[in-house]
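# Descriptive analysis of the structure
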Amino acid sequence: MLERVVTDPDNYAPYLLSQGIRFGDLLFISGQAGAGDDGKIVEGGFRAQGEQAFANLRRALEAGGSSLKDVIKVTIYVTDMGQFAEVVELRRKFFSEPYPADTIAEVRALYDPAAMIEIEAIAAVHA
């Protein structure tokens, strides 16, 4: 059975997608960007957006009964691979060993022209 994950605020609702979907003991989290509670991309550059994206990821994971330490696989999209060192620092800050499997990809654009990073994840849910 599929169970929708909802956060408050839920900036995804107008776009007809879920923050995440829980299926059994797995949680699939939609891409989380550096948007604040008002839905607008935060100011302060790549690091500020990355911190916010991870905070949004944490909120979605917790709403689905999981946490950052339960992330199995993460995919990180950036608009500039020149920020790779910053991504590694963000991973070091928000994840711990055993680090999740990871894919990082540079993309031309994300859903908002101001967005520089977006993170999606698959995590375990513990009953």
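As shown above, the structure is provided for reference.
Residues numbered from 1 in each chain as written. Predicted model: local features only at pLDDT ≥ 70, side-chain atom pairs only at ≥ 80, totals over all residues. Heavy atoms only, no water.

## Here we look at the nonpolar core
One recurring pattern in soluble globular proteins is that nonpolar side chains are buried together. If you look at the biggest cluster of nonpolar residues, it comprises 23 residues, and the most contacted ones within it are Leu57, Leu61, Ile117 and Ile119. For this core, the secondary structure elements donating two or more residues are strand E3 (26–33), helix H1 (45–63), strand E4 (71–78), helix H2 (84–94) and strand E6 (117–124). Looking at which element gives the most residues to this core, the answer is H1, with six residues. The residues contacting leucine 57, other than those within four sequence positions of it, are Ile29, Gln32, Leu68, Phe95, Ile119 and Ala121. Counting residues in each nonpolar core, the second largest holds five residues, with Ala33, Ala35, Leu110 and Ala115 among its members. (Core = buried A, V, L, I, M, F, W, Y, C linked by side-chain atoms within 4.5 Å. Buried < 20%, exposed > 50% of the residue type's maximum accessible area, 1.4 Å probe, protein only. Helix = DSSP H or I, 4+ residues; strand = E, 2+ residues; numbered from the N terminus. Contact = heavy atoms within 4.5 Å.)

## Re the sheet that holds strand E5 (residues 101–106)
Two orientations exist for strands paired in a sheet by backbone hydrogen bonds: parallel and antiparallel. Spatially, E1-E2-E3-E6-E4-E5 is the arrangement adopted by the six strands of the open sheet, whose pairing is mixed. Across the chains shown, the open sheet's two edge strands, defined by having one partner strand only, are strand E1 (2–5) and E5. For this sheet, the mean inter-axis angle between neighbouring strands, taken without regard to orientation, is 15 degrees. Pairing geometry for E1 and strand E2 (residues 20–23), over four bridges, is antiparallel. For glutamate 3, the partnering residue across the bridge sits in E2 and is arginine 22. Against the sheet, H1 contacts E1, E3, E4 and E6, and its axis sits at roughly 150 degrees relative to E3. H2 contacts E4, E5 and E6 of the sheet and is inclined by roughly 150 degrees relative to E4. (Pairing = 2+ DSSP bridges. Axes fitted to C-alpha atoms, helices over the stretch in contact; angles between N-to-C directions.)

## What to know about the pairing of E3
As paired strands, E2 and E3 are joined by four bridges and run antiparallel to one another. Following the sheet pairing, arginine 22 is matched in E3 by leucine 27.

## Observations regarding H2
All of the buried residues in H2 are Val87, Leu90, Arg91 and Phe94. Taken around the axis of H2, the buried residues stretch over an arc of 100 degrees, which confines them to a single face. Along H2, the residues that are exposed and aim more than 90 degrees away from the buried face are Ala85, Arg92 and Lys93. For H2, the elements touching its buried residues are H1, E4, E5 and E6. (Arc of directions from axis to C-beta.)

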